[in-house]
Amino acid sequence: MSHADLTLDRWRSLALPDVHRFAREAADLVGARVSLIDAVPHLGSPLHRVFVERDGREFALIPGGSVRLGFDLDAWEPTPEQTADFERSLAEEYGYGPDLKAHLAELLSPPRTVTLATVFMAVENEPLDEPPADMPAVLAGRGLRMPGADEWEHACGAGARTLFRWGDTCPIGEPSYGSGTFAPRCEPNAFGLRIAHDSYAAELSGDRGAVHGGDGGESVCGGYGDLWAWLTLATANRNPAMAEFVYGPEGESAWEAFSVRPVLSLR
């Protein structure tokens, strides 16, 4: 079995000696060194995390396999606070539909099952060096690549099926950016990634129809509403309007505001 074939379920079942062995072997495959092995509680059981370091950057192991992505709007009900805040946005004529669920239906990827390879993904996103169309070649020159949209979503949610990587709610009234006091937003996710933590971020993937992990601060600066800004951090949010902007003529002079989270592929 290729190291890229490791599934998240199999990874959860490995004993610690097997975790260490897999980490060393996978690091060798990509010319890196293991820099961290630890475990965190996640979805009712411990989840081992592995970091490797290559060329001064840290990458986290993202086990793949058959994974469930997207968000099931039919099985979700917003809190009264979320509904009230979005209704304030609607009153200001912001929104993609007549209510919150209709709005989210335009932004979130639908529920589905996909099969993904195990990879290493950068712990931190990095600013684009070149326009989006040139980034695949730039990264390939470093032995890296852009993540797929499904890879990004899986890496962010780490198997959680909630609206955000930490759950279904967010603290209305607290900023969705900066340091803040809401620990789940500010802390690394279950795989150890610093991801979907600041609405001023905006990450690109290999899908030209998606922007992930923030909207560059558009919702905050535009006064669209507190919940709207928090929703830019939703795991399944693809932000199609922003994707249309960055890949369209208006985005030709704004690409430096966007970022990417490089991937190290395994064999």
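So, how was this worked out
Residues numbered from 1 in each chain as written. Predicted model: local features only at pLDDT ≥ 70, side-chain atom pairs only at ≥ 80, totals over all residues. Heavy atoms only, no water. Helix = DSSP H or I, 4+ residues; strand = E, 2+ residues; numbered from the N terminus. Buried < 20%, exposed > 50% of the residue type's maximum accessible area, 1.4 Å probe, protein only. Polar contact = N/O pair within 3.5 Å; in protein donor to acceptor, adjacent residues only side chain to side chain. Contact = heavy atoms within 4.5 Å. Pairing = 2+ DSSP bridges. Axes fitted to C-alpha atoms, helices over the stretch in contact; angles between N-to-C directions. Salt bridge = Lys/Arg side-chain N within 4 Å of Asp/Glu carboxyl O. Core = buried A, V, L, I, M, F, W, Y, C linked by side-chain atoms within 4.5 Å. Disulfide = S-S within 2.5 Å.

### Observations regarding the side chain of N237
So, point 1. Mapped onto the secondary structure, N237 falls in the loop between helix 9 (226-231) and helix 10 (240-246).
So, point 2. A relative accessible area of 3% means that N237 is categorised as buried.
So, point 3. Within polar-contact distance, the side chain of N237 engages the backbone nitrogen of N239 at 2.9 Å.
So, point 4. Ignoring anything within four residues of it in the chain, the contact list for N237 reads L107, L108, V211, H212, L231 and T232.

### Here we look at the sheet that holds strand 11 (residues 263-265)
So, point 1. Read from one edge of the open sheet, five strands run 1-2-3-6-11, paired in antiparallel fashion. Strand pairing shows two members of the sheet lacking a second neighbour, strand 1 (33-42) and strand 11, which therefore form its edges. Taken over all neighbouring pairs, the strand axes of this sheet differ in orientation by 30 degrees on average, direction set aside.
So, point 2. Seen against the sheet, helix 2 (residues 16-29) touches strand 1, strand 2 (45-54), strand 3 (57-62) and strand 6 (119-122) and runs at an angle of roughly 140 degrees to strand 1.
So, point 3. In this fold helix 6 (residues 149-157) packs onto strand 1, strand 3 and strand 6, with an angle of close to 80 degrees to the strand it touches most, strand 6.

### Let's talk about the sheet that holds strand 7 (residues 126-127)
So, point 1. In spatial order, the strands read 7-10-8-9; together these four strands make up an open sheet with mixed pairing. Two strands lie at the open edges of the sheet, namely strand 7 and strand 9 (211-212), each paired on one side alone.
So, point 2. Strand direction decides the pairing type here: strand 8 (residues 203-204) and strand 10 (residues 259-260), joined by two bridges, are parallel. Pairing of E203 across the sheet is with S259, part of strand 10.

### Brief notes about the side chain of D85
So, point 1. On the secondary structure map, D85 appears in helix 3 (residues 80-91).
So, point 2. For D85, the side chain forms a polar contact with the main-chain nitrogen of L227, separated by 2.8 Å.
So, point 3. Apart from residues no more than four positions distant in its own chain, D85 is found in contact with I172, G225, D226 and L227.

### Focus on the pairing of strand 6
So, point 1. Side chains V119 and M121 of strand 6 all project onto a buried face; the interleaved residues F120 and A122 project onto the opposite face, where all are buried too.
So, point 2. Across four bridges, strand 3 lies against strand 6 in antiparallel orientation. Counterpart to I62 in the pairing with strand 6 is V119.
So, point 3. Of the pairings in the sheet, the one linking strand 6 to strand 11 comprises three bridges and is antiparallel in character. Counted as the bridge partner of V119 is S265 from strand 11.

### Description of the pattern of salt bridges
So, point 1. Within the structure shown, the criterion is met by 15 salt bridges.
So, point 2. The salt bridge involving D38 is made with R49; its shortest N-O contact spans 3.0 Å. Residue D38 is located in strand 1, and its partner R49 is located in strand 2; the two are separated by eleven residues in the primary sequence.
So, point 3. Its salt-bridge partner being D55, residue R54 comes within 3.8 Å of it at the nearest N-O pair.
So, point 4. Overall, R54 belongs to the buried group, its relative accessible area being 16%.
So, point 5. Put simply, R112, D150, E153, D207 and R238 are held in one network by salt bridges that share partners.

### Side note on the nonpolar core
So, point 1. If you look at the biggest cluster of nonpolar residues, it comprises 74 residues, and the most contacted ones within it are W11, L108 and F120.
So, point 2. The greatest single-element share of this core, amounting to five residues, is contributed by helix 2.
So, point 3. Setting aside anything within four residues of it in sequence, one finds W11 in contact with L6, V19, F22, L47, H48, V50, L61 and P63.

### Observations concerning the state of the cysteines
So, point 1. Within this structure, the stated rule accounts for zero disulfides.
So, point 2. Summary of cysteine pairing: C170 is not part of a disulfide, and the nearest cysteine sulfur, belonging to C186, is at 13 Å.
So, point 3. Of the residues examined, C170 reaches a relative accessible area of 7% and is grouped as buried.
So, point 4. The thiol of C221 is not disulfide-bonded; the next cysteine sulfur, from C170, is found 18 Å away.
So, point 5. Since its relative accessible area comes to 63%, C221 is described here as exposed.

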